[in-house]
Amino acid sequence: MSTPSAVPVSLAEIARIAGVGRAAVSNWRRRHDSFPSRIGGTDVSPQFSLAEVEQWLRENGKLKDVGGREFLWPRFEALGSRDESGLAIAEAARRMRFPRTRTTSPDLSAEVRQLVGEAAAMGRAEGPRETFEFLLQRWLETHVRQLSTTPPPLATLMTRIALAASVGEPAEGLTVFDPACGTGHLAAAACQEYDGPALTLLACERDPALAALTTARLGFVTEGRDVRTEIVTADALREDPFAGAPADIALCNPPFNERDWGYEELATDQRWVHGLPPRTEPELAWVQHLLSHLRPGGSAVVILPPAVASRRAGRRIRGSLLRTGALRAVVALPPGSAQPHSVSLQLWVLRAAPDSFSAAAPVQDALLVDATDFARPGTREPGPDWAALSTFVLSVLADLDRPEVTPPEKAVRVPLLDLLDDEVDVTPGRYTASRGETTSVELAASWKELGSLLAGLTGHVKQLSELGFETGSPQTMATVGDLVKAGALTLSAGQQPPESGTPSGDTELPLLTVADLLMDGTAGGLTHTHAAHAIAEEGDVVIAGVVRAFRAWVHEGPPVALGPQLYALRVDPEKLDAHFLAGCLRAPANGRQAGTHASSSSRVDIRRLQVLQLPLEEQAAYAETFRRLRDFGELLDRAGELGRGLTDHVGDRLAAGGLVP
């Protein structure tokens, strides 16, 4: 391991340490001759000495309220090896909790053990759990391509489903089983969601670094509670360390599409009650492994790729799972719910048969839920609206054992006779599509709304078509930069929020990003804010300063924090009308003049945008016309959207027959 003075950091890491954007660091490097010299990397991606960077930042007053952990992480990253850095973080966590113990990992070098000791000391000073979570999150982000984790909201949802689906009371407390625990997200969620007595967490992971990190995480999560944990490093399918140990609920996010899962050596394994999984169906091996560990009436929830629901090779096992009542429900999740983010993953809800068949009515159907519509755009990889998704799924599955209750739209009870055909396809979308057929009442309401929209458009067309424009000498213009200098408005730029888990302030606001604007325009996740953040309040003009999403509007509603490439303009009401300003700024020609247009991601120079110079009393007429023009565009978009929907729905009804002459 390198000494701290030689630990390399990139411009992005320096920006993270200083709590600024990367462009600010590049600007420091150009403007200050004293900025540290490059020690490695390339001209495009230079690297600098961590110790020199820290000294320069402190001497130049560029450090805000930055804790020591920001300088600690680059030293772990400099280890290079994913396994060594993971084991070092886990060992540091153990030393934070038990300071009197010595490092017991023989695989760690003397230099790494020294770093572990320093990290443990810092953790005890700045908060052990917070320091561990910070280091773990950075480690996961660095190795995201090599790891597949379960997002905490999904882990919570899976735990709640499993607890609700289980029948019968545990004999002595609750036992939770996870045979592929990764870094322990599911086990941690189970600990947080279960508030009863005597919790036992049994987990298995074949990767030693991940198993060590799970042990460290659960050590913090279970602190002060009556919880017994046992985490074993082993391949759960090949060498089950918990064979014969019954669990009340099981949670699992197993590895997908593995071919070398032990097909040959496990061909006669007693776990394959529903049939030997084909070599190409390792996920069905995990399903049966989970069922083999459930007590009678216990439940399991497992994340699976969508192909498992329909692949021909697995139809015999799927049929057996349905006939025996082991497969009770399938939930299709929105893309982006977990890795791989481009795929609509599924949750399979499983249940072991109760002790007595008289304890429950014979299973006659399976509940299929299509929750793919709960995607919430707002990032490069769209993720779900977790609150709405969880509420919907849990409300539907609350009636899992009540066949007399008709599920809501996008959920359907499918009789086993319909499922047990030649394909045994349990893909929810295949069966819920027909349930979503638009009714005659809904069609009538849509036609009525479209008529109202068209009437509104007609009114706008009449008034806008009567506008007259004088031809003559060009009007005087001023740029946004000129107006800022004159004090007519103030300009603030949005920025990337700090990492989750390290809030920089007490106020939590919705964060609006350019990606949100490109999708539905709704602000996405929450961010902690302080005075340095750009906040758009009611009446402010907001501008998207990127060519592909260029627009300007007057913000209405509660305050929102602005992400990168978004700007807030606050006008002096004695000099400018906000709606007049927004109308001038969003003119297409204005954006073309101020943007480079080298590509769709090119930025618009906000300060170069031009505004017509008029007295305040003359701005009102322009502002009213700008508002009417905006309303006309919104009505036009809504009418087009509604019209296309009606075309599709009526076309489907016509193709199905039943037209009344």
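Right above here is the structure, for reference.
Every residue gets a number counted from 1 within its own chain, in the order that chain's sequence is written. Local features in a predicted model are, by the rule used here, given only for residues with pLDDT of at least 70; side-chain atom pairs are given and counted only at 80 or more, and totals for whole chains, interfaces and linings are based on all residues. In computing side-chain properties, one takes all heavy atoms of the structure into account and sets aside hydrogens as well as water.

**Q** Describe the overall build of the protein chain, with residues and values.
**A** Of regular secondary structure, the protein chain possesses 21 helices and 24 strands. A separation of at least 24 residues holds for 73% of the contacts in the protein chain among residues at least 6 apart in sequence. Computed with a 1.4 Å probe, the accessible areas rest on the Shrake-Rupley method; for each residue, only the protein chains presented here act as cover. For the protein chain, the accessible area works out to roughly 32300 Å², and carbon and sulfur atoms hold 51% of it. The helix and strand labels rest on DSSP assignments: H or I over at least four residues marks a helix, E over at least two residues marks a strand, and numbering proceeds from the N terminus. Note on contacts: a residue pair is in contact if any heavy atoms of the two residues lie within 4.5 Å.

**Q** Provide a residue-level description of the pairing of strand β6 (residues 227–233), including the pertinent values.
**A** A pair of strands is labelled paired if DSSP reports no fewer than 2 bridges between them. Where strand β5 (residues 199–205) meets β6, 7 bridges bridge the pair, whose relative direction is parallel. Note that in β6 the partner of Glu 205 across the bridge is Thr 233. The handedness of the β5 to β6 crossover, carried by helix α10 (residues 208–221), is right-handed. By definition, the crossover connecting two strands over a helix is right-handed if that path, from the first strand to the second, turns clockwise as seen with the strands pointing away from the viewer.

**Q** Give me the lowdown on the sheet that holds strand β4 (residues 174–178), citing residues and values where you can.
**A** Across the sheet, which stays open at both edges, the 9 strands sit in the order β6-β5-β4-β7-β8-β10-β9-β11-β14 with mixed pairing between neighbours. Looking at which strands have only one partner, the edges of the open sheet turn out to be β6 and β14 (411–415). Across the sheet, the axes of successive neighbouring strands diverge by a mean angle of 15°, strand direction being ignored. Taken together, the 6 bridges between strand β8 (residues 294–304) and strand β10 (residues 346–351) define a ladder with antiparallel strand orientation. A fitted line through C-alpha atoms serves as each axis, taken over the contacting stretch for helices, and the angle formed by two N-to-C directions is quoted from 0 to 180°.

**Q** Can you explain the sheet that holds strand β1 (residues 8–10)? Please cite residues and give values.
**A** The antiparallel open sheet is built from 3 strands, whose spatial order is β1-β3-β2. Pairing within the sheet leaves two strands with one partner each, and these edge strands are β1 and β2 (38–41). Here the average twist between neighbouring strands, direction ignored, is 45°. Where β1 meets strand β3 (residues 46–49), 3 bridges bridge the pair, whose relative direction is antiparallel. In the strand pairing of β3, Ser 10 is matched with Gln 47.

**Q** Can you lay out the packing of aromatic side chains for me, pointing to particular residues and giving the numbers?
**A** A pair of Phe, Tyr and Trp rings is counted when the ring centres sit within 6.5 Å of each other, with Trp represented by its six-membered ring. The angle between the planes then sorts it: under 30 degrees is stacked, over 60 is edge-to-face, the rest tilted. The final tally for this structure, using the stated rule, is 9 aromatic pairs. With a centroid separation of 5.0 Å and 70° between ring planes, the pair formed by Phe 35 and Trp 56 is classed as edge-to-face. Of this pair, Phe 35 sits in the loop between α2 (22–31) and β2 while Trp 56 sits in helix α3 (residues 50–59), and the two are 21 residues apart along the sequence. Relative accessibility thresholds used throughout: buried, under 20% of the residue-type maximum; exposed, over 50%; partly exposed, between the two (1.4 Å probe, protein chains only). The buried category is assigned to Phe 35, whose relative accessible area is 7%. A relative accessible area of 3% places Trp 56 in the buried class. Three or more aromatic residues joined by ring pairs form one cluster here, namely Trp 28, Phe 35, Phe 48 and Trp 56.

**Q** An account of helix α5 (residues 82–97) is requested, with residue identities and associated values reported.
**A** The span expected for a helix works out to 1.5 Å for each residue beyond the first. With 16 residues, α5 should reach 22 Å at 1.5 Å per residue; the first-to-last C-alpha distance of 23 Å fits that figure. Against the buried residues of α5 lie α4 (69–77), α6 (110–126), α7 (128–142) and α10. In the analysis that follows, any N or O atom pair within 3.5 Å is treated as a polar contact, provided that within protein one partner can donate a hydrogen and the other can accept it, and provided that, for residues neighboring in sequence, both atoms belong to side chains. Capping the start of α5 is the job of one residue whose side-chain oxygen sits 3.4 Å from the backbone nitrogen of Asp 83: Ser 81.

**Q** Account for the packing of helix α19 (residues 578–585) against helix α21 (residues 616–655), with residues named and values stated.
**A** At a minimum axis separation of 8 Å, α19 and α21 run at an interaxial angle of 60°. Relative to α21, the element α19 is oriented oblique. When the axes of α19 and α21 are compared, the crossing they make is left-handed. Residue-level inspection shows His 579, Phe 580, Gly 583 and Cys 584 of α19 in contact with α21, the latter providing Gln 619, Tyr 622, Ala 623, Phe 626, Arg 627 and Arg 630. Each residue receives one of three labels: charged for Asp, Glu, Lys and Arg, nonpolar for Ala, Val, Leu, Ile, Met, Phe, Trp, Tyr, Cys and Pro, and polar for the others, Gly being one of them. Partitioning the contact of α19 with α21 into residue classes produces 5 nonpolar, 3 polar and 2 charged. Roughly parallel means an angle under 35 degrees; roughly antiparallel, over 145; roughly perpendicular, 65 to 115; everything else is oblique. By definition, any crossing whose near helix is turned counterclockwise from its far helix by less than a right angle is left-handed, and any crossing with a clockwise turn is right-handed.

**Q** Tell me what's going on with the pairing of strand β11 (residues 365–370), and back it up with residues and numbers.
**A** Walk down a regular strand and you will see the side chains alternate between the two sheet faces. Here β11 lies mainly inside the structure; 6 of its 6 residues are buried. Of the two faces of β11, the one carrying Asp 365, Leu 367 and Val 369 and the one carrying Ala 366, Leu 368 and Asp 370 are both buried. By the bridge criterion, 4 bridges tie strand β9 (residues 327–332) to β11 in an arrangement that is parallel. Bridge pairing in β11 links Val 330 to Leu 368. Pairing geometry for β11 and β14, over 5 bridges, is antiparallel.

**Q** I'd like a description of the packing of helix α9 (residues 185–193) against α10, backed by residues and values.
**A** Direction vectors running N to C along α9 and α10 enclose 10°, while the axes themselves pass 10 Å from each other. With respect to each other, α9 and α10 are oriented roughly parallel. Here α9 runs over α10; the crossing is right-handed. Residue-level contacts link His 185, Ala 187, Ala 188, Cys 191 and Gln 192 of α9 to Arg 217, Leu 218 and Val 221 of α10. Of the residues in the contact of α9 with α10, the class split is 5 nonpolar, 2 polar and 1 charged.

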